[in-house]
Amino acid sequence: MASAVDATGNPIPTSAVLMASSRHIGTRCYEENVAFLKCKKKDPNPEKCLDKGQQVTRCVLGL
C-alpha cells in the first residue's frame, strides 16, 4: 500500500486519520479554528483568511 507524502516527505493525513483525531483537533486547535471562522464570517473572500487557514493546518499537522 502506497502512502501519500508531500513535497518535503511528510505523510499526508488521510480522511480516516483526521476523523479519528477530530476530538483532539477540536480541543487542541480550538483557538486557531475560532480565529479562522471569525475571519471567514467577517469577509468571505478566501484570500483574506489564508494566514488563519495556514495556522489551523499547521496546528492539525503538529498533532
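Residues numbered from 1 in each chain as written. Predicted model: local features only at pLDDT ≥ 70, side-chain atom pairs only at ≥ 80, totals over all residues. Heavy atoms only, no water.

Going by the annotation in an unreviewed UniProt entry, the name recorded for the protein is CHCH domain-containing protein, with Jatropha curcas given as the source organism. Regarding the protein, the UniProt comment filed under Sequence similarities (unreviewed entry) reads as follows: "Belongs to the complex I NDUFA8 subunit family." What UniProt states about the protein under its Function (unreviewed entry) heading is, verbatim, "Accessory subunit of the mitochondrial membrane respiratory chain NADH dehydrogenase (Complex I), that is believed not to be involved in catalysis. Complex I functions in the transfer of electrons from NADH to the respiratory chain. The immediate electron acceptor for the enzyme is believed to be ubiquinone." (UniProt positions renumbered as here; feature names shortened; annotations may be inferred.)

Draft legend 1. Representation of the overall build of the protein within the structure. Helix and strand counts for the protein come out as four helices and zero strands. Listed N to C, the secondary structure of the protein is α-α-α-α in terms of helices and strands. Rg of the C-alpha trace for the protein: 13 Å, well past the compact-globule value of 11 Å for 63 residues, more than 25% over. Each principal axis of the C-alpha distribution contributes one length, and for the protein these read about 45 × 25 × 15 Å. For the protein, long-range pairs separated by at least 24 residues make up 36% of all intrachain contacts whose partners lie at least 6 apart in sequence. Carbon and sulfur atoms provide 58% of the accessible area of the protein, an area that totals close to 5400 Å². Each charge sign in the protein was given a centre, from 9 positive and 6 negative side chains, and these centres are 7 Å apart. (Helix = DSSP H or I, 4+ residues; strand = E, 2+ residues; numbered from the N terminus. Rg over C-alpha atoms; globule rule 2.2 N^0.38 Å. Contact = heavy atoms within 4.5 Å. Areas by Shrake-Rupley, 256 points an atom, 1.4 Å probe, with all protein chains shown as cover. Lys, Arg positive; Asp, Glu negative; His and termini not counted. Charge placed at Lys NZ, Arg CZ, Asp CG, Glu CD.)

Draft legend 2. Main features of helix α4 (residues 50-61). Taking 1.5 Å as the rise per residue, α4 with 12 residues should run 16 Å; its terminal C-alpha atoms sit 16 Å apart, in good agreement. Those residues of α4 that sit buried are Gly53, Val56, Cys59 and Val60. Buried residues along α4 cover an arc of 125 degrees about the axis, so they all sit on one side. Turned more than 90 degrees off the buried face of α4, the exposed positions are Leu50, Arg58 and Leu61. (Expected span 1.5 Å × (residues − 1). Buried < 20%, exposed > 50% of the residue type's maximum accessible area, 1.4 Å probe, protein only. Arc of directions from axis to C-beta.)

Draft legend 3. Spatial organisation of the nonpolar core. Of all hydrophobic cores here, the largest spans five residues; its members are Ile25, Cys29, Val56, Cys59 and Val60. It is α4 that contributes the most residues to this core, three residues altogether. Each residue touching cysteine 59, except ones within four places of it in the same chain, is listed here: Arg28, Cys29 and Glu32. (Core = buried A, V, L, I, M, F, W, Y, C linked by side-chain atoms within 4.5 Å.)

Draft legend 4. Molecular detail of the environment of leucine 18. On the secondary structure map, leucine 18 appears in helix α1 (residues 15-20). Spatially, the C-alpha atoms of leucine 18 and threonine 8 are 20 Å apart, while their sequence positions differ by 10 residues. What leucine 18 contacts, discounting residues up to four positions off in sequence, is Pro13, Ile25 and Val60.

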